[in-house]
Amino acid sequence: MQAMILDAPGKPLRLAEVPVPEPGRNQVLIRVHACGICRTDLHILDGELKDPKLPLIMGHQIVGTVERAGDQSGQCQLGQRVGVSWLGASCGRCKQCLTGRENLCDQARFTGYQIDGGFAEYAVADCHFCFLIPDGYPDLQAAPLLCAGLIGYRSLCMAGEAEHLGIYGFGAAAHIVAQVARHQGRKIYAFTRPGDAQAQQFALEMGADWVGGSLERPPVPLDAAIIFAPVGELVPAALKAVAKGGTVVCGGIYMSDIPSFPYELLWGERVVRSVANLTRKDGLEFLALAPKVPVRTEVQPFPLEQANDALEALRRGEIHGAGVIEVRGSSESEY
Ligand SMILES: [Zn+2]
Ligand SMILES: [Zn+2]
């Protein structure tokens with residue numbers, strides 16, 4: 001099969017012909033139709049996430065069809081269209097796993113990072129971590145639901161009942177969470193890089209009630225804020241913008257250092273918290289909710305061999321909505 005391979009951080013991905021992987025116990029072989037790109041891919045590429053398998057096939061928003069099943073993978077059926085997201089495996093026995101918090105399992109392994117992902121014609125995944133893709137979502141439009149959508153959804157849940165919701169960084173996750181938040185009757189205040197008129201226009205199109213630069217003060221105190229941009233300076237900025245009792249949710253897996261700030265900003269029972277990927281329950285809930293909103297994802301497709309261009313466009317902030325790798329040339333099965 002064709003795959004884009006990461007040999008080492010700091011190097012561009014390399015198009016290569018590699019063997020189709022074999023599904024093992026509890027695993028299925030998925031023919032990949034589409035795979036979303038994500039800022040986390042840049043953090044892997046740049047070596048900011050320290051523990052990738054190498055060589056690696058990145059990509060953790062996989063949409064594809066189950067083509068072959070390994071032993072004991074009964075819950076996935078051949079021909080089903082499934083999605084695979086960042087959380088690819090957990091131990092199933094520890095305290096976190098037994099309390100529905102498998103995202104916090106010390107032995108969790110992640111798709112496109114410690115398990116080969118979807119920048120390829122085929123991928124193997126644990127059937128317990130595959131989600132059924134709702135009918136009516138084309139492959140390309142479904143892919144961003146699997147990380148951008150799921151992280152956004154978990155972040156929104158962590159923001160509580162907030163009526164006035166700030167969103168810092170208006171990319172793939174924000175454009176999905178904004179639609180869900182609007183559906184729930186919340187007001188949205190979108191913060192972008194100062195002067196990024198294009199992102200601000202996009203936020204308005206997605207239903208934002210107010211847009212501004214990241215260090216501006218919103219017209220009303222926020223009840224909560226979600227930070228998707230990986231910029232530590234935004235934490236004190238968001239704390240300044242939230243009212244007493246408000247929560248600042250950091251939705252990314254990586255963030256630059258948070259500068260020191262006066263305790264006064266945290267005072268008044270303000271909360272700062274992170275969100276670590278997703279649980280399977282989040283996946284089931286969000287994929288049931290998305291068609292009801294309905295969440296419509298804006299996608300910018302790239303062919304597999306242009307994955308490097310896609311990632312660099314994401315780095316430069318040039319992707320409108322969500323970037324998705326469209327995998328072609330695999331319509332004929334080898335099996
Ligand atoms: Zn992601
Ligand atoms: Zn565990």
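Worth saying up front: this structure is predicted, and the values here are computed from it rather than measured.

What counts as what
Residues numbered from 1 in each chain as written. Chains lettered and ligands numbered in written order. Predicted model: local features only at pLDDT ≥ 70, side-chain atom pairs only at ≥ 80, totals over all residues. Heavy atoms only, no water. Core = buried A, V, L, I, M, F, W, Y, C linked by side-chain atoms within 4.5 Å. Buried < 20%, exposed > 50% of the residue type's maximum accessible area, 1.4 Å probe, protein only. Contact = heavy atoms within 4.5 Å. Helix = DSSP H or I, 4+ residues; strand = E, 2+ residues; numbered from the N terminus. Expected span 1.5 Å × (residues − 1). Donors = N, O, S within 2.8 Å, 3.2 Å for Na, K, Ca; no water. Salt bridge = Lys/Arg side-chain N within 4 Å of Asp/Glu carboxyl O. Tetrahedral: all angles 85-135°; square planar, octahedral: opposite > 155°, others 65-115°. Axes fitted to C-alpha atoms, helices over the stretch in contact; angles between N-to-C directions. Parallel < 35°, antiparallel > 145°, perpendicular 65-115°, else oblique. Nonpolar A, V, L, I, M, F, W, Y, C, P; charged D, E, K, R; others polar.

S.K.: Give a detailed account of the nonpolar core, specifying residues and quantitative values.
M.R.: Counting residues in each nonpolar core, the largest one holds 53 residues, and the members touching the most others are Leu13, Met58, Phe119 and Ile325. If near-sequence neighbours (up to four positions away) are discounted, Leu13 is found in contact with Met4, Ile5, Leu6, Leu45, Met58, Phe119, Ala307, Asn308 and Leu311.

S.K.: Give me helix H5 (residues 172-183): which residues, what numbers.
M.R.: Side chains three or four residues apart in an α-helix point the same way, a direct result of the helix having 3.6 residues per turn. The first and last C-alpha atoms of H5 sit 18 Å apart over 12 residues, in line with the 16 Å expected at 1.5 Å per residue. Burial analysis of H5 places nine of its 12 residues in the buried class, which makes it a mostly covered element. For H5, every residue scored as buried is listed here: Ala173, Ala174, His175, Ile176, Val177, Ala178, Gln179, Val180 and Ala181. Next to the buried residues of H5 lie helix H4 (148-158), strand S10 (164-168), strand S11 (187-192), helix H6 (197-205), helix H8 (280-289) and strand S17 (322-326). The first or second residue beyond H5 is Gly185, which carries a positive phi of 85°.

S.K.: Residue-level account of the coordination of the zinc ion (ligand 1), with values.
M.R.: Coordination sphere of the zinc ion (ligand 1), protein contribution only: Cys38 (SG), His60 (NE2) and Cys147 (SG), at 2.0 to 2.2 Å. Along the chain, the residues that donate to the zinc ion (ligand 1) are spaced as C-x21-H-x86-C. Placement of His60 in the loop between helix H1 (39-45) and strand S4 (62-69) and of Cys147 in the loop between helix H3 (139-142) and H4 is noted, with a sequence separation of 87 residues between them. As far as burial versus exposure is concerned, His60 and Cys147 are alike and both buried.

S.K.: Go over the pattern of salt bridges with me, naming the residues and quoting the values.
M.R.: Enumeration over the complete set of coordinates arrives at 12 salt bridges. Where Arg81 meets Asp139, a salt bridge forms, and the shortest distance between an N and an O atom there is 2.8 Å. Placement of the pair is Arg81 in strand S5 (residues 81-84) and Asp139 in helix H3, with a sequence separation of 58 residues. The exposure class of Asp139 is partly exposed, given its relative accessible area of 24%.

S.K.: I'd love a proper account of the coordination of the zinc ion (ligand 2), names of residues and values included.
M.R.: Protein ligation of the zinc ion (ligand 2) involves Cys91 (SG), Cys94 (SG), Cys97 (SG) and Cys105 (SG), the donor distances falling in the range 2.3 to 2.4 Å. Classification of the site at the zinc ion (ligand 2) as tetrahedral follows from its four donor atoms and the range of 106 to 115° in their angles at the metal. In terms of primary sequence, the donors binding the zinc ion (ligand 2) are separated according to C-x2-C-x2-C-x7-C. Look at Cys91 and you get buried, because its relative accessible area is 16%.

S.K.: Tell me about the packing of H4 against H8, and please be specific about residues and values.
M.R.: Two elements in contact, H4 and H8, have axes separated by 10 Å at closest approach and are oriented at 105°. The angle between the axes of H4 and H8 places the two elements in the roughly perpendicular class. Contact residues: H4 offers Gly149, Leu150, Tyr153 and Arg154, while H8 offers Asp282, Gly283, Glu285, Phe286 and Leu289. For the contact of H4 with H8, a count of residues per class yields four nonpolar, two polar and three charged.

The analysis is restricted to geometry; functional conclusions fall outside its scope.
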